[in-house]
Amino acid sequence: MEEKNLRKKVIKYTVVLALISAVIIGCSAIVVVAVRKAEERSYTAYVDSLVNEYRLRFEERMASAFETLQLMGELMEDGLLSKESIVTDQIQNLSENSSFFKLSYYDIRSEEQLFQLPGSDPEYEFSNRPEEAQEAIRRAWEGEMAVSQVYEQDGVQVITYVIPVYQENEVQGALAGVQELSQFYDIIGGETTSGDRINIFWTESDGTVLTTSAEESAAEYGAAMIEEADFGSDAEQDREKIARKTVRWDGEPYTLYCASVGTNGWNLIYIDNGKDIHSPIYQMIILVTCAFAILFLACITVIIYTYKNTKKDNRQIRSLAEQDQLTGIANLSKFQQEADKLLAQDRNYCIAVINFRHFQYINDIFGMDQADELLVETAKLLETSIHENERCCRGKTDQFYLLLAETKQAAIRSRLQKILDQISGLTAIFHKNYPITLYCGASVEQEGIEGEELRKKLLFHAEFAMKMIKNGHENDIAFYDQKMHEEKQIGLMIESSMQEALDTGEFRLYLQAKKDLRGEKISGAEALVRWIRKDGTMIYPDRFIPVFEKNGFCAQLDLHMVELVCQMQRKWLDMGKEIVPISVNQSKLLFYQEDYIERLCEITDRYGISRKYIVLEILEGLAAENLDDLNHTIFRLKELGFQISMDDFGSGYSSLNILSSLEIDEVKLDREFLLAMGTAREKKQKAMMRNVVQIAKDFKIRTVAEGVETEENEHFLQEINCDYGQGYYYSRPIPAAEFEERFLKEKGA
Ligand code: C2E
Ligand code: CA
Ligand code: CA
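Here the structure is a predicted model, which means the values were calculated and not measured.

The rules behind each value
Residues numbered from 1 in each chain as written. Chains lettered and ligands numbered in written order. Predicted model: local features only at pLDDT ≥ 70, side-chain atom pairs only at ≥ 80, totals over all residues. Heavy atoms only, no water. Helix = DSSP H or I, 4+ residues; strand = E, 2+ residues; numbered from the N terminus. Rg over C-alpha atoms; globule rule 2.2 N^0.38 Å. Buried < 20%, exposed > 50% of the residue type's maximum accessible area, 1.4 Å probe, protein only. Contact = heavy atoms within 4.5 Å. Areas by Shrake-Rupley, 256 points an atom, 1.4 Å probe, with all protein chains shown as cover. Lys, Arg positive; Asp, Glu negative; His and termini not counted. Charge placed at Lys NZ, Arg CZ, Asp CG, Glu CD. Pairing = 2+ DSSP bridges. Axes fitted to C-alpha atoms, helices over the stretch in contact; angles between N-to-C directions. Donors = N, O, S within 2.8 Å, 3.2 Å for Na, K, Ca; no water. Near = heavy atom within 4 Å. Polar contact = N/O pair within 3.5 Å; in protein donor to acceptor, adjacent residues only side chain to side chain. Nonpolar A, V, L, I, M, F, W, Y, C, P; charged D, E, K, R; others polar.

(A) Focus on the overall build of the chain. Looking only at helices and strands, one finds 23 helices and 26 strands in the chain. Taking 749 residues into account, the globule formula puts the C-alpha radius of gyration at 27 Å, and the chain, at 65 Å, lies well above it. Counting only C-alpha atoms, the chain reaches 200 × 55 × 50 Å along its principal axes. Out of the 749 residues belonging to the chain, those deemed buried represent 47%. Sequence separation of at least 24 residues holds for 64% of the intrachain contacts in the chain that already meet a minimum separation of 6. Of the roughly 38,900 Å² of accessible surface on the chain, a fraction of 50% belongs to carbon and sulfur atoms. Taken as two groups, the 83 positive and 123 negative side-chain charges of the chain have centres that lie 19 Å from each other.

(B) Structural context of the sheet that holds strand β14 (residues 399-404). Overall, mixed pairing links the five strands, which are arranged β13-β14-β12-β15-β16 in an open sheet. The strands lining the two open edges of the sheet, one partner per strand, are β13 (391-394) and β16 (476-479). Averaged over all pairs of adjacent strands, the angle between strand axes in this sheet comes to 15°, irrespective of strand direction. Direction of pairing for β13 relative to β14: antiparallel, over a ladder of four bridges. Note that in β14 the partner of C393 across the bridge is Y401. Strand contacts of helix α11 (residues 409-425): β12 (350-356), β14, β15 (438-444) and β16, with the helix running at about 150° to β16, the strand carrying the most contacts.

(C) Summary view of the coordination of the calcium ion (ligand 2). Bound to the calcium ion (ligand 2) on the protein side are E526 (OE), N585 (OD1), E617 (OE) and D647 (OD), at distances that span 2.0 to 2.4 Å. For the calcium ion (ligand 2), all donor residues lie on one chain, and their spacing in sequence is E-x58-N-x31-E-x29-D. Between the calcium ion (ligand 2) and the calcium ion (ligand 3), a separation of 3.7 Å is found, and both are coordinated by D647. Here E617 lies in strand β21 (residues 614-619) and E526 lies in strand β18 (residues 522-532), a separation of 91 residues in the sequence. You can call E526 buried: its relative accessible area is 4%. Looking at E617, the relative accessible area reads 1%, which means it is buried.

(D) Geometry of the site of ligand 1. The full set close to ligand 1 counts 22 residues, and Q512, R530, D558, E709 and Y728 are the nearest of them. The side chain of E526 places a nitrogen or oxygen atom 3.0 Å from an oxygen atom of ligand 1. In the model, an oxygen atom of ligand 1 is placed 2.9 Å from a nitrogen or oxygen of the R530 side chain. Burial of ligand 1 by the protein chains amounts to 89% of its free accessible area of 800 Å². With four residues, β18 is the single largest residue contributor to the shell around ligand 1. Taken together, the residues of the shell around ligand 1 break down into nine nonpolar, four polar and nine charged.

(E) How the structure looks around the coordination of the calcium ion (ligand 3). Surrounding the calcium ion (ligand 3) are the protein donor atoms D647 (OD), D648 (OD), E706 (OE) and E706 (OE), which sit 1.9 to 2.7 Å from the metal. Positions of the donor residues of the calcium ion (ligand 3) along the chain correspond to the pattern D-D-x57-E.

(F) Inspection of the pairing of strand β11 (residues 267-272) at higher detail. Judged by how many residues are buried, β11 sits mostly within the fold: six of six residues are covered. As paired elements, strand β10 (residues 252-260) and β11 share six bridges and run antiparallel to each other. Across the sheet, L256 pairs through a bridge with I271, a residue of β11. Turn length for the β10-β11 hairpin, with the two strands adjacent in sequence and antiparallel, is six residues, and the turn residue G262 shows positive phi of about 80°.

What follows is the structure in structure tokens.
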């Protein structure tokens, strides 16, 4: 995937996720605010209900006190006439069961304490009563049920309840009961039905605290806050409601809830610090907030995770797409991209492909790890060998590519040669003796094409040129050219048309004369194949024999050549000519065919040719493979009358042992011996030839020297007693008909 697309995707995902999380955050904010508001409302409502509960209890307590008084009042109304009458006892009873600790009756006219409960004392005379009590009594005389302000009596805070006592619908007096303030402590200090316990302050209308359930220190600053809040008669105005005020104390906000009890301007006040009470909705809000927080965090995590992952993937994908994982340099696809860019700006580039020879051996000898290391070192070396506007990369396994800003073959060759030599030099760092060699193909500018097309051609041609020199041994560099390509085309053609060529007689018999070096006689010839195509062009065996040896067609062709030879000799015999033995090259493939000998005999028999006229040229390589089998085959062939010649002796790693271990009739000294004449190797080659000829003589093996090109060659051969010579000096390979004309004598002539 392209990097751009990837980045786009990352941005898209991130934006989508960001939007989602923004929506979630927005929603959660709205929900939290809404819930918060609801919670606030529900909280104040809840606190209101708590404070109200205290008020109701307070009022109930007062109401029940009045009820008791009224009961006594009614009894008194009945007994007023008799004054200290029988009702006294009943009142006494009621009084003992009530919360009043003093009861007295004050006549409206005499203002006297006309009626006094047993045990009361003179202090309870009206005139002796404190101002607060007198005021309440007066209000009762006026027909009101009254409660006095709080006052102190005998060091105890008390209040006096007073009710009017009627006789014939007229107020006769007032019944007063004194009650200690402590009668309210259980209410103020008690719990609500929901189990909450809050500190309640009972205050007078001016804010003076009458009593409170709060501890001393809380009571102190509570009193100060109440004074600051100054509810006055606000609370009284709407008795149903709870008045609220916020006061700051020590920098913190406190909410004061104030409920009027409807008597004497008294209020019940609760100071809320927001910590003591948890409304039921509070848990919910925490849950909701937590849920949103978790959701938000999850979203953020997903975004970050996705982003990081995509970034990592992106990097990985990019490195996979562009980088060679082993060496860290560019891979082929990256190289191609870069080459396209550079070639678009400037056509003056060359592409070269470098490959190691026999990398599988390097793998074996160096071990996998070191072989990998070698590739890494090679990559490093290439990177330091190129200029800024040049590129290199690793292709498959041991193949490297170079894009060089050069077009002159000489310059390219010298740079490449230097690089190849340096790579070969790497063997030293691995402390190995193995000679690392490489082969390299290069291709320069192509006319008439541009851009990607040009790059493709350069690359293809460089690879092509490289493959052409695959089979060498040294550091080789090949430049692509048209001819090279044509040759390859021919190679392909060879394989595709060989069978048809055989069937239609395109393989022709050419003969090269062999001269007896002790006389002037032509003692024989070698059959050499020529492929004459329909259009008249000739292909030499060097081109197709190696191909046929690989694909197995050579065996078929060689027998075909034996047949052509027999056919020709038959013709000559029939013409009355004297025939000579003809050597036919035999591919080693034939020796592995079971019916080889039968087929040979079948051919010679068919044409009625004596087998002594057929010399089979075999290659010494065969001996190396299985000497015993070969000897056995040679033995049988000789028994049947064929002659055996060892071809190309001395070309490879020949061994003189072969001469002693194989029952051959003839040995052909490779033309390389004579081709070395006039070079530095002349002396040694001559010595070798001399010895080979001598040894062959000892074993009664005929000697034939190939590649006789000059008179000197011939003289030398005669000097060392070589039996026969073959070469351009006598004749090039020529068509059989021409050979017949030039060299064959009429019988008896
Ligand atoms: P070879 O068997 O060693 O054949 C001799 C080659 O040396 C021939 O090449 C010939 O043209 C060349 N030659 C002869 N005299 C001279 C000389 O004085 N100087 C130089 N430089 N070269 C000389 P040609 O015909 O191209 O054949 C090449 C090779 O192809 C042969 O080498 C042989 O190995 C193979 N070959 C040719 N015909 C056949 C065939 O019918 N069957 C098989 N299996 N191989 C064949
Ligand atoms: Ca030969
Ligand atoms: Ca030869």
